[in-house]
Amino acid sequence: MSTTTAERAATPPAEAAPSRVKALLAVPTLGPLGALLLACLYFSFASDRFLTGGNMSLILQQVMVVGTLAVGQSAVILTAGIDLSNGASMAFGSLVMTKLAVSGGVPAWLAILAGIATCAAIGAVNGSLVTLMKLPPFIVTLGMLNIAMALTHITSKEQTVTGLPDLLTKLGDTFPLGQTRVTYGSVLMLVLFAVAWYVLRHTAAGRHLYALGDNPDAVRLAGVNVRRQLIGVYTVAGVLYGIAALLLVARTGVGDPQAGQTDNLDSITAVVLGGISLFGGRGSIVGALYGALLVGVIRNGLQLTGVDSVYQILITGILVILAVGVDQIARRRRK
Amino acid sequence: MSTETPLSTETALSTEIPRPVLEGRGLVKRYGHVTALDGCDFELLPGEILAVIGDNGAGKSSLIKALSGALIPDSGQLLLDGEPVRFHGPADARRAGIETVYQDLAVAPALDIASNLFLGREIRRKGVFGSVFRLVDKPRMQSDAAKHMADLKIGIRSMGQAVETLSGGQRQGVAVARAAAFARHVVIMDEPTAALGVKETGMVLDLIRRVRDNGLPVVVISHDMPAVFEIADRVHVQRLGRRVAILRPSETDMAEAVAIMTGAAPGNLAAA
């Protein structure tokens, strides 16, 4: 081949560097953060009790269970999956913990581990069905939602478990921070978000998880064991739901078979409001934290301003549809 | 070595053939009653661009899959640098130094260029950050990626930009750069110019030449006849699961190639 042909079709000029403004707008967590700050701003004018250390701590405490669920949910959704069973799985895990500790004669720490392991096992089953049987995540986890819910009712016999050992409610305890007191559980949630952010952003496994939701064929052809990776994601998400179960127990002080019934949808709401694409591969876990806090702030703020709780649900619903709409429009633009 | 190969009986190109980098002998692959490969031979010589052409159903993709480890032949032999090899999956072929650029499947659009280049082969930080905390070395991957892209004269400045922001030709460039960066023996490209415009096709063809000029032989499967005739050093014509001809673009034309491909004209190789 002659070099003249090579020069004829010379490489086109380098891409113009994207402008600062454009780069800033491309930060996916900017929208959720803006919405969160706007909501805070509004409620701090609407109620003088909103912007107090005590109330902020309360919001964190109200958010910690759904927030922790949202960490696992984010991982699953980033792979282009969805987990409808996480609330029910958490409820079952909390029943396993409390039952074993109270009437099973099992040491509290072992009961906690058993509860977390139960949730991890449920996650592993979900992941295996999705990966090996190639069933849609929506259907698998919908089925698992019912199974976990039924197991909860069977094991609890509709009885709330009370008289828990201290260790199970330890995460509900508080420590002083300036003028206010903060629960250990809300700190744990923030730590989990930080760890998840690190893993997703800065490890090979995290990069693969993003790529998996983006183009699974590319990941497979790059020599990554896609099956193991995907089952791993659902299992780790299960561990997180198990930790959420412990937080739930710590917050309520009992093992409640009725708990967590809408938490699956709340966790999806948080993830979607946080700007993580339901189609996988795009978004930041930090956004999911903003999303969870946004839901928490709206509920708390409307409560403080005396709005009926029905409207809290209404507004959350509208926000979710808006968030998905924005994601969908962004997707079409890229095409 | 030519005494053992079926090639020795052939008239074309039988003289002064250096040892093939990659060679297939009598490859057979059947799917039920369908015979995709029917005793197919193949060889790729050092420093060449070999195009594989053939009509639909001629066994082109089966041949390429066999070479890249995506398919295990029922019988026949594969030799890499003269040594017999067996691939049980694409990972085996990759480990042996054969990289494949798959059509449309190669990249994750939302990830940046460096992440795509090192997908599945991430470099970790040295020390405890890498071994305990599994921290990937982004600055190093970005600078290495920039070097690999520059080796092929792909003019993209930022390795941190998402692949979806690139044009089709540039995306293909990322996939080719990845293959060239990690291949030690062979780069295989499946339809590298499909769905590209004229200018972009020219750009990708230049890339393929640069890969060869940097020392790696390239196998290109393509429907794009003008492209094939522009870049190939030799053309392997596949028909009915076999290689029926080896052509040199300088000694033939597209009409003849198409005639052989469709069976309207006989090939220049004796039936095995």
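Keep in mind the model is a prediction, meaning the values are calculated, not measured.

J.: For this particular structure, what's the right way to read the confidence of the model for chain A?
T.: Residue and element names in this part refer to chain A. Per-residue pLDDT for chain A averages 89, and the proportion of residues at 70 or more is 91%. Looking over chain A, one finds the lowest element-wise mean pLDDT in helix 1 (residues 3-8), namely 39, and the highest in helix 6 (residues 108-132), namely 97. Overall, residues 1-18 carries pLDDT values under 50, and its contacts beyond four positions in sequence, including any with other chains, amount to 30 contacts.

J.: Is there a simple way to explain the nonpolar core in this structure?
T.: The tendency in soluble globular proteins is for nonpolar side chains to be buried side by side. Membership of the largest hydrophobic core comes to 83 residues, with the highest contact counts inside it found for Leu36(A), Met90(A), Leu168(A), Phe193(A), Val219(A), Val297(A) and Leu119(B). It is helix 12 (residues 226-252) of chain A that provides the largest number of residues to this core, a total of 15 residues.

J.: Would you mind going over the pairing of strand 3 (residues 49-54) of chain B with me for this structure?
T.: Side-chain positions along a regular strand alternate between the two faces of the sheet. Residues and elements named next belong to chain B. Taken across its six residues, strand 3 has six buried, putting it largely inside the fold. Alternating positions in strand 3 separate into two faces, Ile49, Ala51 and Ile53 on one and Leu50, Val52 and Gly54 on the other, with burial throughout. Relative to strand 9 (residues 234-239), strand 3 runs parallel, the two sharing five bridges. Note on strand 9: the bridge partner recorded for Val52 is His236.

J.: How should the side chain of Thr252(B) be read in this particular structure?
T.: Residues and elements named next belong to chain B. Topologically, Thr252 is positioned in the loop between strand 10 (242-247) and helix 9 (254-262). Residue Thr252 is classed as buried on the basis of its relative accessible area, which comes to 15%. Only 2.4 Å separates the side chain of Thr252 from the side chain of Glu256, close enough to count as a polar contact. Other than its neighbours up to four places away in sequence, Thr252 contacts Phe229 and Leu247.

J.: Just to check I follow, could you spell out helix 10 (residues 204-214) of chain A for this structure?
T.: An α-helix turns once every 3.6 residues. As a result, residues three or four positions apart point the same way. By the criterion of burial, helix 10 of chain A is predominantly enclosed, with ten of the eleven residues buried. Along helix 10 of chain A, the positions that sit buried rather than exposed are Ala204(A), Gly206(A), Arg207(A), His208(A), Leu209(A), Tyr210(A), Ala211(A), Leu212(A), Gly213(A) and Asp214(A). Against helix 4 (53-78), helix 9 (184-202), helix 11 (216-221), helix 12 and helix 14 (285-304) of chain A together with helix 3 (113-117) of chain B lie the buried residues of helix 10 of chain A.

J.: Would you explain the environment of Leu142(A) in this entry?
T.: Considering the arrangement of structural elements, one finds Leu142(A) in helix 7 (residues 137-156). Remark: the alpha-carbon pair of Leu142(A) and Asp83(A), spanning 59 residues in sequence, is separated by 7.9 Å.

J.: What's the story with the sheet that holds strand 4 (residues 75-80) of chain B in this structure? I'm lost.
T.: Residue and element names in this part refer to chain B. Across the sheet, four strands lie side by side as 2-1-4-5; this open sheet has antiparallel pairing. The open sheet has two edge strands with one neighbour each: strand 2 (34-44) and strand 5 (83-85). Taken over all neighbouring pairs, the strand axes of this sheet differ in orientation by 30° on average, direction set aside. Bridge count for strand 1 (residues 22-31) against strand 2 is eight bridges, and the pairing is antiparallel.

J.: Help me out: how do you make sense of the pattern of salt bridges in this one?
T.: Side-chain pairs of opposite charge can arise whenever the charged atoms involved come near each other. Within the structure shown, the criterion is met by 19 salt bridges over all chains. The salt bridge partner of Arg209(B) is Glu230(B), with a shortest N-O separation of 3.1 Å. On the criterion of sequence distance, the pair formed by Arg209(B) in helix 7 (residues 198-213) and Glu230(B) in helix 8 (residues 225-231) is long-range, its members being 21 residues apart. Residue classification places Arg209(B) among the buried residues on the basis of a relative accessible area of 3%. Relative accessible area serves as the criterion here: at 25%, Glu230(B) is assigned to the partly exposed category. Through salt bridges with shared partners, one network takes in Asp214(A), Arg282(A) and Glu164(B).

J.: Would you mind showing me how to read a nonpolar patch on the surface here?
T.: All names here are of chain A. Taken together, the side chains of Val307, Val310, Tyr311, Leu314, Ile315, Ile318 and Leu322 present a nonpolar region at the surface, about 620 Å² in accessible area. By the secondary structure assignment, Tyr311 is in helix 15 (residues 309-334). Owing to a relative accessible area of 46%, Tyr311 belongs among the partly exposed residues under this scheme.

J.: I'm lost on the packing of helix 9 of chain A against helix 12 of chain A in this one. Help?
T.: Two quantities define a packed helix pair, namely the angle between the axes and the distance from one axis to the other. Residue and element names in this part refer to chain A. Direction vectors running N to C along helix 9 and helix 12 enclose 165°, while the axes themselves pass 11 Å from each other. In this view, helix 9 runs roughly antiparallel relative to helix 12, as classed from their interaxial angle. Considering the relative orientation of helix 9 and helix 12, their crossing is left-handed. Note on element contacts: helix 12 touches helix 9 through Leu240, Ile243 and Leu247, opposite Gly185, Leu188 and Leu192. The residue inventory of the contact of helix 9 with helix 12, partitioned by class, reads five nonpolar, one polar and no charged.

Reading the values: rules and limits
Residues numbered from 1 in each chain as written. Chains lettered and ligands numbered in written order. Predicted model: local features only at pLDDT ≥ 70, side-chain atom pairs only at ≥ 80, totals over all residues. Heavy atoms only, no water. pLDDT = per-residue confidence, 0-100. Helix = DSSP H or I, 4+ residues; strand = E, 2+ residues; numbered from the N terminus. Contact = heavy atoms within 4.5 Å. Core = buried A, V, L, I, M, F, W, Y, C linked by side-chain atoms within 4.5 Å. Buried < 20%, exposed > 50% of the residue type's maximum accessible area, 1.4 Å probe, protein only. Pairing = 2+ DSSP bridges. Polar contact = N/O pair within 3.5 Å; in protein donor to acceptor, adjacent residues only side chain to side chain. Axes fitted to C-alpha atoms, helices over the stretch in contact; angles between N-to-C directions. Salt bridge = Lys/Arg side-chain N within 4 Å of Asp/Glu carboxyl O. Patch = residues over 30% accessible without salt bridge, like charges linked within 9 Å, V, L, I, M, F, W, Y side chains within 5 Å. Areas by Shrake-Rupley, 256 points an atom, 1.4 Å probe, with all protein chains shown as cover. Parallel < 35°, antiparallel > 145°, perpendicular 65-115°, else oblique. Left-handed = near helix turned anticlockwise from the far one by under 90°. Nonpolar A, V, L, I, M, F, W, Y, C, P; charged D, E, K, R; others polar.

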